[in-house]
Amino acid sequence: MSEVPFRSGFVAIVGRPNVGKSTLVNALVGRKVSIVAPKPQTTRHRILGLVNREHAQLVLVDTPGLHESTRRVMNQYMNRVAISSSQDADVIVFVVEAQRFTEEDEWVWERVRGLKQPLYLVINKIDRVTPRSALLPFLEEMNERIPASAVVPVSAQNSENLPRLAELIAARLPVSPPLFPQDVVTDRDEPFHAAEVVREKLTLKLREELPYGINVQIERFEDRDGRLYINAIIWVERPGQKAIVIGQRGERLKEIGRMARIELNDLWQRSVHLELWVKVKENWADSESALRQFGYHTL
């Protein structure tokens with residue numbers, strides 16, 4: 001009996017903003033590697049999440065949501081990251097929302113339809129469709145519209161049908177030994193995750209008031225006597241945005257820090273001392289040099 005070959009490769013997760021790409025990556029990995037928030041374009045970086053199976057290693061590439069608006073340098077950066085990740089991947093997973101295929105989805109499809117890699121169309125958020133039979137016309141429409149290797153309905157939120165999706169993807173990866181050690185779940189380090197968790201809490205707390213030009217930069221990350229000491233700067237683009245983030249008598253900033261600290265304590269099972277400051281850097285999201293300074297490495 002021949003031995004089953006081991007397969008390993010990169011899987012680009014692409015789609016418009018807010019279709020659940022990061023939720024899908026987190027669910028497949030089995031732990032949180034990408035922050036999740038209802039605000040569009042929460043994911044700004046290329047983040048790897050690893051799924052280790054008996055005969056395969058899936059290196060999932062969570063990408064920023066592809067979007068038509070390229071008015072700002074930050075938007076241009078995020079599109080370049082998503083497109084480059086798709087071009088370099090071994091398999092592409094195109095995520096859309098159940099019962100909705102918008103002009104933005106069509107725009108994303110135009111960006112990836114010419115690529116030669118195997119492509120899976122994932123219909124996410126099926127848990128929101130009742131009765132479930134109402135999905136059938138949409139699945140048929142997508143099957144006719146997009147020539148994918150398979151159309152896979154899933155609920156990333158409830159982990160529904162994800163084992164089948166992982167199995168389908170693994171079958172199309174190249175024969176290769178694991179690309180990363182088996183105990184690795186992401187390529188990002190702890191300071192990066194600390195900054196992202198703070199940014200997630202900013203997004204959740206501020207919601208509609210959230211300034212687009214907001215970024216978190218870690219200045220100090222020190223493990224001393226079993227306790228983590230983290231100092232982070234929240235950068236905004238205008239003085240008025242600074243007041244929004246801080247809130248009356250600093251209460252909003254304190255609450256954001258408290259929420260982030262609780263999650264980081266739980267994530268690392270260590271006591272975390274977190275201090276936050278808010279500073280202004282005018283129009284940083286339109287500056288290539290500022291983007292590089294903040295870790296957005298241009299491609």
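Above this text sits the structure in question.
Worth saying up front: this structure is predicted, and the values here are computed from it rather than measured.

Conventions adopted
Residues numbered from 1 in each chain as written. Predicted model: local features only at pLDDT ≥ 70, side-chain atom pairs only at ≥ 80, totals over all residues. Heavy atoms only, no water. Helix = DSSP H or I, 4+ residues; strand = E, 2+ residues; numbered from the N terminus. Contact = heavy atoms within 4.5 Å. Expected span 1.5 Å × (residues − 1). Buried < 20%, exposed > 50% of the residue type's maximum accessible area, 1.4 Å probe, protein only. Arc of directions from axis to C-beta. Core = buried A, V, L, I, M, F, W, Y, C linked by side-chain atoms within 4.5 Å. Polar contact = N/O pair within 3.5 Å; in protein donor to acceptor, adjacent residues only side chain to side chain. Salt bridge = Lys/Arg side-chain N within 4 Å of Asp/Glu carboxyl O. Pairing = 2+ DSSP bridges. Axes fitted to C-alpha atoms, helices over the stretch in contact; angles between N-to-C directions. Phe/Tyr/Trp six-rings, centres within 6.5 Å; stacked < 30°, edge-to-face > 60°. Lys NZ or Arg CZ within 6 Å of the ring centre and 35° of its normal.

Peer 1: What am I meant to see in the environment of Ala 98 here?
Peer 2: Topologically, Ala 98 is positioned in the loop between β4 (91–97) and α3 (103–112). The sequence separation of Ala 98 and Thr 63 amounts to 35 residues, and the corresponding C-alpha distance is 20 Å. Discounting residues that sit within four places of it in the chain, Ala 98 has contacts with Ile 123, Asn 124, Lys 125, Ile 126, Val 129, Leu 135 and Phe 138.

Peer 1: Is there a simple way to explain helix α8 (residues 251–268) in this structure?
Peer 2: Along an α-helix, residues three or four apart share an orientation, since each turn contains 3.6 residues. For α8, which comprises 18 residues, the first-to-last C-alpha distance of 26 Å matches the rise-based estimate of 26 Å (1.5 Å per residue) to within 8%. Among the residues of α8, those classed as buried are Leu 253, Ile 256, Gly 257, Ala 260, Glu 263, Leu 264 and Trp 268. Looking straight down α8, one finds its buried side chains confined to an arc of 135°; they lie on one side. Relative to its buried face, α8 has exposed residues pointing more than 90 degrees away, namely Lys 254 and Asp 266. Check the buried side of α8 and you find it contacts α6 (190–206), β7 (215–224), β8 (227–236), α7 (239–246) and β9 (271–280).

Peer 1: It is not clear to me how the nonpolar core should be interpreted in this structure. Could you clarify?
Peer 2: Nonpolar side chains tend toward joint burial in soluble globular proteins. Core analysis: the largest hydrophobic core is formed by 27 residues, its most contacted members being Leu 24, Leu 58, Leu 60 and Leu 165. Among the elements of the structure, β1 (7–14), α1 (21–29), β3 (56–62), β4, β5 (119–124), β6 (150–153) and α5 (162–171) are those that each provide at least two residues to this core. Formed by 25 residues, the second largest nonpolar core is a distinct cluster that contains Leu 119, Ile 126, Val 129 and Leu 139.

Peer 1: Before we go on, may I ask you to explain the side chain of Arg 16 in this structure?
Peer 2: Considering the arrangement of structural elements, one finds Arg 16 in the loop between β1 and α1. A polar contact is formed between the side chain of Arg 16 and the side chain of Glu 97, at a distance of 3.2 Å. Dropping the residues within four chain positions of it, Arg 16 is found in contact with Lys 21, Gly 65, Leu 66, Glu 97, Arg 100, Thr 102, Glu 104, Asp 105 and Val 108.

Peer 1: What exactly am I supposed to notice about helix α2 (residues 73–88) here?
Peer 2: When the terminal C-alpha atoms of α2 are compared, their 22 Å separation across 16 residues agrees well with the 22 Å that a helix rising 1.5 Å per residue should span. Turning to α2, its buried residues are Val 73, Met 74, Asn 75, Tyr 77, Met 78, Asn 79, Val 81, Ala 82, Ser 85 and Ser 86.

Peer 1: How should I be thinking about the pattern of salt bridges in this particular structure?
Peer 2: Any two side chains of opposite charge can pair, so long as their charged atoms come close to each other. Tallied over the entire structure, the rule returns 19 salt bridges. Glu 222 is the salt-bridge partner of Arg 220, the closest N and O atoms lying 3.1 Å from each other. Taken together, the salt bridges that share partners define one network made up of Arg 16, Glu 97, Arg 100, Asp 105 and Lys 125.

Peer 1: How do you make sense of the sheet that holds strand β2 (residues 47–52) when you look at a structure like this?
Peer 2: The strands making up a sheet are joined through hydrogen bonds of the backbone, oriented either antiparallel or parallel. What the six strands build is an open sheet, ordered β2-β3-β1-β4-β5-β6; its pairing is mixed. The sheet is open, and its two edges are formed by β2 and β6, each paired on a single side. On average, each strand axis in the sheet is inclined to that of its neighbour by 25°, with strand direction left out of account. Summarising the sheet, β1 and β3 pair through seven bridges and their orientation is parallel. Its bridge partner being in β3, Arg 7 is matched across the sheet by Ala 56. Contacts from α2 reach β1, β3 and β4 within the one sheet, and its direction differs from that of β1 by about 150°.

Peer 1: Can you help me understand the sheet that holds β7 in this one?
Peer 2: Strands sit in the order β7-β8-β9 across an open sheet of three strands; the sheet is mixed. Only two strands of the sheet have a single neighbouring strand rather than two, namely β7 and β9. Along the sheet, successive strands turn relative to each other by an average axial angle of 15°, direction set aside. As paired elements, β7 and β8 share nine bridges and run antiparallel to each other. Bridge pairing links Gln 217 to Ile 233 in β8.

Peer 1: Is there a simple way to explain the packing of aromatic side chains in this structure?
Peer 2: For any pair of aromatic rings, the description rests on two quantities: the centre-to-centre distance and the angle between the ring planes. Counting across every chain of the model gives four aromatic pairs. When the ring of Trp 284 is compared with that of Phe 294, the centres are 5.3 Å apart and the planes differ by 80°; the resulting orientation is edge-to-face. Here the residue Trp 284 occupies a position in the loop between β9 and α9 (288–293), and Phe 294 occupies one in the segment after α9, the gap between them amounting to ten residues. Summarising the burial analysis for this pair, Trp 284 and Phe 294 share the class buried. Pairwise contacts between aromatic rings join Trp 235, Trp 284 and Phe 294 into one cluster. Over the ring of Trp 107 we find Arg 111; its NZ or CZ atom is 4.3 Å from the centre of that ring. Cation over ring: Arg 188 sits above Phe 192, and NZ or CZ is 4.3 Å from the ring centre.

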